[in-house]
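So you can see what is in the structure, the chains are spelled out below.
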Amino acid sequence: MAAAAAPGALGAWQAGRVRLVAASCAPLGPRWRLPGSEVKTDDELRVRYLEEENRGIVVLGINRAHAKNSFSKNLVKMLSKAVDALKSDKKVRTVIVRSEVPGIFCAGADLKERVKMNPSEVGPFVSKIRAVINEIANLPVPTIAALDGLALGGGLELALACDIRVAASSAKMGLVETKLAIIPGGGGTQRLPRAIGMSLAKELIFSARVLDGQEAKAVGLVSHVLEQNQEGDAAYRKALDLAREFLPQGPVAMRVAKLAINQGMEVDLVTGLAIEEACYAQTIPTKDRLEGLLAFKEKRSPRYKGE
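These notes cover the structure that comes with them. (Residues numbered from 1 in each chain as written. Predicted model: local features only at pLDDT ≥ 70, side-chain atom pairs only at ≥ 80, totals over all residues. Heavy atoms only, no water.)

## Observations concerning the packing of helix α10 (residues 251-264) against helix α11 (residues 269-283)
Between α10 and α11, the shortest axis-to-axis distance is 9 Å and the interhelical angle comes to 170°. With respect to each other, α10 and α11 are oriented roughly antiparallel. Mapping the contact onto sequence places V252, A253, V256, L259, A260, Q263 and G264 in α10 and G272, I275, E276, C279, Q282 and T283 in α11. Grouping the constituent residues of the contact of α10 with α11 by class yields seven nonpolar, five polar and one charged. (Axes fitted to C-alpha atoms, helices over the stretch in contact; angles between N-to-C directions. Helix = DSSP H or I, 4+ residues; strand = E, 2+ residues; numbered from the N terminus. Parallel < 35°, antiparallel > 145°, perpendicular 65-115°, else oblique. Contact = heavy atoms within 4.5 Å. Nonpolar A, V, L, I, M, F, W, Y, C, P; charged D, E, K, R; others polar.)

## Regarding helix α12 (residues 287-298)
Between its first and last C-alpha, α12 extends 16 Å over 12 residues, near the 16 Å set by a 1.5 Å rise per residue. All of the buried residues in α12 are D288, E291, G292 and A295. One side of α12 carries all its buried residues, which in axial view fall inside an arc of 105°. Away from the buried face of α12 by more than 90 degrees, exposed residues L290, L293 and K297 are located. Buried-residue contacts for α12 involve α10. Of the residues flanking the end of α12, it is K299, one or two places downstream, whose phi is positive at about 55°. (Expected span 1.5 Å × (residues − 1). Buried < 20%, exposed > 50% of the residue type's maximum accessible area, 1.4 Å probe, protein only. Arc of directions from axis to C-beta.)

## Let's talk about the packing of aromatic side chains
In total, this model carries zero aromatic pairs according to the counting rule given. Looking at R98, its charged tip hangs above the ring of Y236, at a distance of 4.0 Å from the centre. (Phe/Tyr/Trp six-rings, centres within 6.5 Å; stacked < 30°, edge-to-face > 60°. Lys NZ or Arg CZ within 6 Å of the ring centre and 35° of its normal.)

## Focus: a nonpolar patch on the surface
Together, L111, L180 and I182 give the surface a local cluster of nonpolar side chains, amounting to about 270 Å² of exposed area. Along the chain, the position of I182 falls in the loop between β9 (172-174) and α6 (188-196). Overall, the relative accessible area of 39% leaves I182 in the partly exposed class. (Patch = residues over 30% accessible without salt bridge, like charges linked within 9 Å, V, L, I, M, F, W, Y side chains within 5 Å. Areas by Shrake-Rupley, 256 points an atom, 1.4 Å probe, with all protein chains shown as cover. Salt bridge = Lys/Arg side-chain N within 4 Å of Asp/Glu carboxyl O.)

## Things to note about the environment of D233
You can see D233 is positioned in the loop between β11 (224-226) and α9 (234-246). For the pair formed by D233 and V101, sequence separation is 132 residues and the distance between their alpha carbons is 10.0 Å. Look past the residues within four positions of D233 in its chain and what remains in contact with it is R98, D148 and Q228.

## Some words on the pairing of strand β4 (residues 94-99)
Most of β4 sits inside the fold, with six of its six residues counted as buried. Burial of the side chains of β4 extends over both faces: T94, I96 and R98 are buried on one face and V95, V97 and S99 on the other. With six bridges connecting them, strand β3 (residues 57-62) and β4 associate as parallel partners. Its bridge partner lying in β4, V59 is registered against I96. (Pairing = 2+ DSSP bridges.)

## Some points on the sheet that holds strand β10 (residues 211-212)
Spatially, β5-β7-β9-β10 is the arrangement adopted by the four strands of the open sheet, whose pairing is mixed. Of all strands in the sheet, those with a lone pairing partner are β5 (104-106) and β10, marking the two edges. Pairing of β5 with strand β7 (residues 150-152), which is carried by two bridges, proceeds in the parallel orientation. Bridge assignment links C106 to a residue of β7, and that residue is A151.

## So, the environment of D212
Its location among the elements puts D212 in strand β10. Put simply, D212 and V225 are 13 residues apart on the chain and 9.7 Å apart in space, counted from C-alpha to C-alpha. Ignoring anything within four residues of it in the chain, the contact list for D212 reads S169, A171 and K172. For D212, the side chain forms a polar contact with the main-chain nitrogen of E215, separated by 2.8 Å. (Polar contact = N/O pair within 3.5 Å; in protein donor to acceptor, adjacent residues only side chain to side chain.)

Set out below in structure tokens:
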């Protein structure tokens, strides 16, 4: 293995990374759903496993129209349950997070529910929101947030936890917690500066400023911005196009590429290159790598199995 050849402490560190990557790619337990089915964990969250040419794409659709898709105790519980199932399903290739409610992505915490909480309940509940957002960030497959409407506070923090964000030009987004005399508590103070830089992130959080899709694209908060269509799902359609681009690639390679990027961005370059070496080593013994070479030789599309 590449990591085993590295000297001293770095070699041991790399070996640990190899074990981590290997664990993330190991065969897992039974799948949570029947093939081809749509799983409705709750009316507040719709989980759709797409089929035919979109097989491998899973869509998480938030559906709390009466509360602007805000995070309730029940929605947080349902998201956690759904994500827990996704991370153990090797047939899942890409996850799209979207809204089922026109004009809204997620308005953050449910303040009507929050105002009824005792002060002692607030901290633990915010921790649960932070935990489920972290679970989405740690999914081993690519994740895409489709912002076709309002994404405020925890809603934007949810989007920031995804690998890629696409937005309609009419979408509105911002971390507005300082208006309520609190701060972002779902990872916003950490993920926003990593996405757009420290100075600009401070400016947006200090001012509680709300950006539209074009402004978000200009500062690097979203990767793609589109004019909204009559159906109100332009961002979702773009997310679906991106997900289709990911489907033909080797599943193991996709997982370890995400791991290498995510872990490498948190360390210095030399250490990051060691992470890349350890992750690359995980692709060498795979059947998919041999299939890719054979398909290239035979001038055909590869048939990857995630092995």
